Amino acid sequence: MSEPCHGKTGPVSASGSVSGEGQGRNQRDVPRFVLGCEDDEQDMGQMETGMKNKMYREEDMKDDEDESPSERQIVVGICAMMKKSKSKPMTQILERLCKFDYINVVIFPEEVILEEPVEKWPLCDCLISFHSKGFPLDKAVDYAKLRNPLLINDLNMQYFIQDRREVYRILREEGIDLPRYAVLNRDPDNPEECNLVEGEDHVEVNGEVFPKPFVEKPVCAEDHNVYIYYPTSAGGGSQRLFRKIGSRSSVYSPESSVRKTGSYIYEEFMPTDGTDVKVYTVGIDYAHAEARKSPALDGKVERDSEGKEIRYPVMLTSMEKLVARKVCLAFKQTVCGFDLLRANGHSFVCDVNGFSFVKNSMKYYDDCAKVLGNMVMRELAPQFHIPWSIPMEAEDIPIVPTTSGTMMELRCVIAIIRHGDRTPKQKMKMEVRHPLFFELFDKYGGYKSGKLKLKKPKQLQEVLDIARLLLVELGQHNDCEIEEKKSKLEQLKTVLEMYGHFSGINRKVQLTYLRNGQPKASSEEEDSKKDGPSLLLVLKWGGELTPAGRVQAEELGRAFRCMYPGGQGDYAGFPGCGLLRLHSTYRHDLKIYASDEGRVQMTAAAFAKGLLALEGELTPILVQMVKSANMNGLLDSDSDSLTDCQQKVKARLHEIMQKDQEFTEDDYQKLAPTGSPSLVNSMKVIQNPVKTCDKVYALIQSLTSQIRKRLEDPKSADLQLYHSETLELMLQRWSKLERDFRMKNGRYDISKIPDIYDCIKYDSQHNASLGLEDTLELFRLSRALADIVIPQEYGISKAEKLDIAQAYCVPLMKKIQLDLQRTHEDESVNKLHPLYSRGVMSPGRHVRTRLYFTSESHVHSLLSIFRYGGLLNEEKDWQWKQAMDYLSAVTELNYMTQIVIMLYEDNDKDPSSEERFHVELHFSPGVKGCEDEENIPLGFGFRPASSENQDKKPNQGSLEDLSQDQPDQALPVSEPINIQRRSPMIRNRKTGSMEARSALASSAPPPSGCPVAPPTCGTTSAPTTSSTENHLCPPAVCRARLACLSCSLCRQ
């Protein structure tokens, strides 16, 4: 091997090497390649003259054959457009290629390529030539036929690479996994004559149906205008990708219809968690992979300080290396780039780009030049009698993942989070018997399971059409045999007509087949019971995530970053940026799951937006980052199908709450056998449940009366309430509660108490500007009732709580256990390549994050399993008892309630040692209002002293004495948040802590520029919020540690 090149160039000699003061191997300090366009006009003039005088003639090459083996040089020609041949990667690689003793490089000038016939092009033994915009590929093919050089990249195959249809055909023939796709070929003269049928949430291409989200790609590979279409359930519209312009690579558009001209490939959208992988091959045995943020996520291009798009090298699995080999061989492209989509545990090729180099990787430049040089020498050295032997080292760099050497390394974060602030959930039930409803039930396969859920716009439109038709018939024929109640049909019609458009995320209709009709009429149904089969129609609406709920989720996402270790480099000293650093460098395995409820999915998307500092609309984030987890009851539950235990519990609860007397000691034992302080305090507030229900009913009547008077006032006729609600809609929901709460027999329907509390909490926060009287009293009493009814619906005794919790949570608990166990095993995730990573201090560090967004039922159930499942013994473990006391004092699991499990590992300990793993549980009861300030339970600090050290001073960051806390103060914008926390590495105990994080600031966003208090970062100053309609307080400074938990979770 020769000495390094020094960046000088010279004119090409007759022998094809760079001329200098001499020739041969003894003067290797001058590089032997000529760039296509030099600033030195003299050199360029000499080159042009040389070209005109046919410096490269066949006889010259023939003369070279007479040279001694030591003098014969192999000429590598570079035939490409100047922009490509002068690019930084090409220049870097060619400089390294020149270090081979017997290799010279010549770059064909662009004007020669474009203007001269191929007979006048320079001669070469090996040709690197590739197509780009403006390149005459036909001439390059002719040149290759004329001179017959060794081709690094086949030229004829580059025609196929320019057509996505041919690319997909070749990939399919080679058995390489592709997304499911179909090709739509349009005749330009008759674009309307094509096999395309477009529906609202799907397209059908040549008989192949693609439900949204799907991808629409132009067949021409040079056209980068790729569109992704989203379903109406996620908000609709489309993401429009294009070749990068500045800091943008895509934009969101409300347009949902596909393009009507041109030929396209339609393919299934692959959920990649917002990451694309680009693979670069150099021969069949070498592949370099880099990950980047998907351009379809928010369209913002992440760039470094030099303006380059940020990418990070990742490791390929053995299966992906095989795919790289297949792509290289199938397209006959030694140097080849292609795109991988990693989705659902598999890897799919979605594009082949042809000749491509990695940018800004010195290690790649070294490897690429070495592989190409060895390849050229292996093929050509024997025929030119050049002494050369195959190097002993392998060309493919072995990949050995390393682990960080830290004493206690964060390995896994699992969070179960309730959705954000929502509109009140509302429900209407009616028994229907009209044949049109049975036809609809049969049309969508309801008889298979006896149940049918209708959420799609087309389905809801059909229900609305039936309701309209029946109402018209009722109006025309008062004696017609339509058994459906008119008032219910009118309500069905009104609700389905709300907002002027359908969206599956805010309304749905459920139909249940009743073989013998309704078994028992409720207070809101007709007393008479009809014979024969019927359908129970349940209309659900409301429950949408509010703008305030989106802010809550996004702010919590930002604050959640501080659960992770601090960043390095540009991120050092900034709280929460450790997570951004970890994620952006592809050392973060993140998956987000959500139930199929719209409010839950949008909460998950907003949280992801805050967590990962994304921009733009939630729809692209929802589609790409949030996985629907409505399988096997993981995060969803059929609330209408109660277990036997739940039915018994509700009946007993109903019986106790119907006593018109003050609670006795016996009642306290029956209703609160666990002695929970929150339950006992609520019972003391209520005293007599029936009398309290009487007060609540009277207050509801007063409220509906006040709303009616407002409606009669002309000034209030067009008054818009929060989230586009009207006074009329507000009256409807309160009037329905008034009708349903007090039954015809004079008793109260206890199951309506959560709905009453739901509505008054919503109006107190969002519609306080109406100035309605006695709302605070209604809020106080309904909350006291709800604090008993809601938690006790999930079991009164410990055994009942566990029984009901298992019905909800077993699939989720198994998944959590799997998440903890698989921290070391998962090979299908993006892992940073340790040999190619620049500026990353610990490339081996890898954190697994699983976020589960769900509803209140799963959070209650999961807490019951932790509390009563025998995890630890309260009598023997002081920390666990302290934690259980804290949980007992929490009255409500409000919006954004979080249960977080954090797994740490000490790599210095033996794998079988009890001290190898350390598990922490964290908890926050979610948002809180100003009324909570006095009664909020006090916590035990952030990672306080362990039970062995309880007599010592509290650990750094502990806030055990909250009585001395200063009032919350807003930090000036210029001041960073100072986080004091004890490192998780400094620990002498194998068990961890379970902490209660502060209640998150809900609803209103903080004032502009105010930082957000992180959820578990020790002592921080939290911002105060300005006075808003929500009457909600800023985050508390309290940090309440809940309990320690041994590593039994990850071992059982």
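Residues numbered from 1 in each chain as written. Predicted model: local features only at pLDDT ≥ 70, side-chain atom pairs only at ≥ 80, totals over all residues. Heavy atoms only, no water.

This part takes up the overall build of the protein chain. The secondary structure content of the protein chain amounts to 27 helices and 30 strands. The buried share among the 1052 residues of the protein chain stands at 57%. Restricting to contacts in the protein chain with at least 6 residues of sequence separation, those with at least 24 account for 73%. (Helix = DSSP H or I, 4+ residues; strand = E, 2+ residues; numbered from the N terminus. Buried < 20%, exposed > 50% of the residue type's maximum accessible area, 1.4 Å probe, protein only. Contact = heavy atoms within 4.5 Å.)

What follows concerns the state of the cysteines. Taken as a whole and judged by the stated rule, the model has zero disulfides. A disulfide-free cysteine, C124 has its sulfur positioned 7.1 Å from the sulfur of C126, the nearest such atom. Look at C124 and you get buried, because its relative accessible area is 6%. Between C336, a free cysteine, and C328, which holds the nearest cysteine sulfur, the sulfur-to-sulfur gap is 6.6 Å. Given a relative accessible area of 0%, C336 falls into the buried group. (Disulfide = S-S within 2.5 Å.)

Strand order in the open sheet formed by four strands is β2-β1-β3-β4, with parallel pairing between adjacent strands. What marks the edges here is a single partner per strand, and that holds for β2 (103-107) and β4 (150-151). Summarising the sheet, strand β1 (residues 74-79) and strand β3 (residues 126-129) pair through four bridges and their orientation is parallel. When the sheet's bridge partners are listed, V76 is paired in β3 with C126. Helix α10 (residues 362-380) rests against β1, β2, β3 and β4 of the sheet, and its axis sits at about 125° to β1. (Pairing = 2+ DSSP bridges. Axes fitted to C-alpha atoms, helices over the stretch in contact; angles between N-to-C directions.)

Locating V335 in the fold gives a position in strand β17 (residues 335-343). Here the alpha-carbon distance between V335 and L372, two residues 37 residues apart in the chain, equals 9.0 Å. Discounting residues that sit within four places of it in the chain, V335 has contacts with I152, N153, T281, G354, F355, S356, F357 and L372.

Quick look at the packing of aromatic side chains now. Each aromatic ring pair is described using two quantities: the centre-to-centre distance and the angle formed by the ring planes. Per the counting criterion, the structure on display carries 25 aromatic pairs. Consider the rings of F741 and Y748, whose centres lie 4.8 Å apart with planes at 40°: the pair is tilted. You can call Y748 buried: its relative accessible area is 3%. Here a set of aromatic residues connected by ring pairs shows up, and it is made of F214, Y227, Y229, Y264 and Y266. The side chain of R169 reaches across the aromatic face of F160, ending 5.8 Å from its centre. (Phe/Tyr/Trp six-rings, centres within 6.5 Å; stacked < 30°, edge-to-face > 60°. Lys NZ or Arg CZ within 6 Å of the ring centre and 35° of its normal.)

With that out of the way, let us pick up the nonpolar core. Counting residues in each nonpolar core, the largest one holds 80 residues, and the members touching the most others are W734, F741 and L862. The element contributing the most residues to this core is helix α24 (residues 775-792), with nine residues. In contact with W734, other than residues within four places in its own chain, are I700, L703, T704, I707, I756, C759, I760, D763 and L778. If you look at the next biggest cluster of nonpolar residues, it comprises 48 residues, including F269, L611, L614 and L622. (Core = buried A, V, L, I, M, F, W, Y, C linked by side-chain atoms within 4.5 Å.)

Before going further, it helps to examine the sheet that holds strand β21 (residues 451-454). The four strands are arranged β20-β23-β22-β21 in an open sheet whose pairing can be described as antiparallel. Unpaired on one side and paired on the other, β20 (425-432) and β21 mark the two borders of the sheet. In this sheet, neighbouring strand axes are inclined to one another by 15° on average, regardless of whether the strands run parallel or antiparallel. Direction of pairing for β20 relative to strand β23 (residues 534-542): antiparallel, over a ladder of eight bridges. Looking across to β23, one finds that K427 is bridged to K540.

The subject of this paragraph is the confidence of the model for the protein chain. Detailed reading of the predicted model is not advised wherever pLDDT is low. Residue-level pLDDT values for the protein chain average 75, and 71% of them are 70 or greater. Long-range and interchain partners of residues 567-573, a stretch whose pLDDT sits below 50, account for 11 contacts in this model, where long-range means more than four residues apart. Every residue in residues 941-1052 is under pLDDT 50, and counting partners more than four places away or in other chains gives 314 contacts. (pLDDT = per-residue confidence, 0-100.)

The next point concerns the pattern of salt bridges. Inspection of the entire model under this criterion finds 40 salt bridges. When the shortest N-O distance is used, the salt bridge between R169 and E166 registers 2.6 Å. Linking R169 with E166, this pair stays in helix α8 (residues 164-173), spanning three residues, or about one helical turn. Given a relative accessible area of 27%, R169 falls into the partly exposed group. Using a relative accessible area of 24% as the deciding quantity, one classes E166 as partly exposed. A salt bridge links E905 to R916; the shortest N-O distance between them is 2.5 Å. Residue E905 is found in strand β27 (residues 898-905), and its partner R916 is found in the loop between β27 and β28 (917-924); the two are separated by 11 residues along the sequence. As far as the burial class goes, E905 and R916 line up, both buried. (Salt bridge = Lys/Arg side-chain N within 4 Å of Asp/Glu carboxyl O.)

Among the nine residues that make up β17, nine are buried, leaving the element largely enclosed by the rest of the structure. Along β17, one buried face is formed by V335, G337, D339, L341 and A343 and the opposite face, lined by C336, F338, L340 and R342, is buried too. Pairing of strand β14 (residues 275-282) with β17 involves six bridges; the strand directions are antiparallel. Each bridged residue has a counterpart across the sheet, and for V279 the counterpart in β17 is F338. One ladder, built from seven bridges, connects β17 with strand β18 (residues 346-354); its direction is antiparallel. Among the inter-strand pairings, G337 is bridged to a residue of β18, identified as G354. Two successive antiparallel strands, β17 and β18, enclose a turn made up of two residues, where N344 displays a positive phi of approximately 55°.

Take unusual backbone geometry next. For the bond from K212 to P213, the omega torsion is 5°, close enough to zero to count as cis. With respect to the element layout, P213 can be found in the loop between β8 (208-211) and β9 (214-218). Of note, the phi angle at D774 is positive, near 65°, even though the residue is not glycine. Relative to the elements of secondary structure, D774 occurs in the loop between α23 (753-766) and α24. Taking relative accessible area as the criterion, D774 reaches 45% and is therefore assigned partly exposed. Phi is positive for M896, close to 65°, though the residue is something other than glycine.

What follows covers a negative patch on the surface. A contiguous patch of negative charge on the surface is contributed by D187, D189, E192 and E193. With respect to the helices and strands, D187 occurs in the loop between β5 (181-184) and β6 (196-198). (Patch = residues over 30% accessible without salt bridge, like charges linked within 9 Å, V, L, I, M, F, W, Y side chains within 5 Å. Areas by Shrake-Rupley, 256 points an atom, 1.4 Å probe, with all protein chains shown as cover. Lys, Arg positive; Asp, Glu negative; His and termini not counted. Charge placed at Lys NZ, Arg CZ, Asp CG, Glu CD.)

Note: α-helices contain 3.6 residues per turn, so residues at a spacing of three or four share the same orientation. Counting buried positions along helix α4 (residues 88-97) yields seven of 10 residues, so the element is predominantly enclosed. Within α4, the full set of buried residues consists of P89, M90, Q92, I93, L94, R96 and L97. Looking at the packing, one finds that the buried side of α4 touches β1, α3 (82-85), β2 and α10.

Relative to the assigned elements, S249 resides in strand β12 (residues 248-253). Owing to a relative accessible area of 5%, S249 belongs among the buried residues under this scheme. Not counting the four nearest positions on each side in its chain, S249 is found in contact with R240, L241, F242, K244, P295, G299 and V301.

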